[in-house]
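Coordinate inspection notes
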Amino acid sequence: QLLYPAAWLTFTLGMNLMTVFIIDRLPRNRLMGIGVIGAECTLIVEAALVANFVPSTNSAALQAAVAMFFVYQIFYSLGCDGMNFPIYFLSAILC
């Protein structure tokens, strides 16, 4: 039970570090729009999977529900979480 949270947090760290390097190469309004819409869609799929398959033994559906956490983190890190980096921090890293 400890493996999935550890993998998710490691993946989150990697996505946030990747965001630092691409945040200024794309327009922020489009990046945030893609991030919000993508995160919303993955949460809709996650809610549908949990509502239909959690008290079951369908392993494919349960694995898809776990995978949605990782897909959600891609959109959230690139689209929403990356907007919180201060500009002076980005300029110190990129220059």
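First things first, this report covers the structure right here in the doc. Because the structure is predicted, anything quoted here is derived from the model rather than measured.

1. A closer look at the overall build of the protein chain
- Secondary structure assignment for the protein chain yields four helices and zero strands.
- Across the protein chain, helices and strands are ordered from the amino to the carboxyl terminus as α-α-α-α.
- Of all 95 residues assigned to the protein chain, the portion counted as buried reaches 26%.
- Summarising the internal contacts of the protein chain: among those between residues at least 6 apart in sequence, 81% fall at separations of at least 24.
- In the structure as shown, the protein chain presents an accessible area of about 6,400 Å², 73% of it carried by carbon and sulfur atoms.

2. Some points on a nonpolar patch on the surface
- On the surface, a cluster of nonpolar side chains totalling about 210 Å² of accessible area is made up of Val-50, Val-54 and Leu-62.
- Taking relative accessible area as the criterion, Val-50 reaches 38% and is therefore assigned partly exposed.

3. Quick notes on the side chain of Ser-77
- In this fold, Ser-77 is placed in helix α3 (residues 59-80).
- According to the relative accessible area criterion, Ser-77 is buried, its value standing at 0%.
- A polar contact of 3.3 Å, which involves the side chain of Ser-77, links it to the side chain of Asn-16.
- Here Gln-73 takes part through its side chain, which lies 2.6 Å from a polar atom of the side chain of Ser-77.

4. With respect to the packing of helix α2 (residues 28-53) against α3
- Two elements in contact, α2 and α3, have axes whose closest approach is 8 Å; the angle formed by their N-to-C orientations is 165°. Relative to α3, the element α2 lies roughly antiparallel. Of the two possible hands of crossing, α2 and α3 adopt the one that is left-handed.
- Residue composition of the contact of α2 with α3, by class: 20 nonpolar, four polar and one charged.

Analysis parameters
- Residues numbered from 1 in each chain as written.
- Predicted model: local features only at pLDDT ≥ 70, side-chain atom pairs only at ≥ 80, totals over all residues.
- Heavy atoms only, no water.
- Helix = DSSP H or I, 4+ residues; strand = E, 2+ residues; numbered from the N terminus.
- Buried < 20%, exposed > 50% of the residue type's maximum accessible area, 1.4 Å probe, protein only.
- Contact = heavy atoms within 4.5 Å.
- Areas by Shrake-Rupley, 256 points an atom, 1.4 Å probe, with all protein chains shown as cover.
- Patch = residues over 30% accessible without salt bridge, like charges linked within 9 Å, V, L, I, M, F, W, Y side chains within 5 Å.
- Salt bridge = Lys/Arg side-chain N within 4 Å of Asp/Glu carboxyl O.
- Polar contact = N/O pair within 3.5 Å; in protein donor to acceptor, adjacent residues only side chain to side chain.
- Axes fitted to C-alpha atoms, helices over the stretch in contact; angles between N-to-C directions.
- Parallel < 35°, antiparallel > 145°, perpendicular 65-115°, else oblique.
- Left-handed = near helix turned anticlockwise from the far one by under 90°.
- Nonpolar A, V, L, I, M, F, W, Y, C, P; charged D, E, K, R; others polar.

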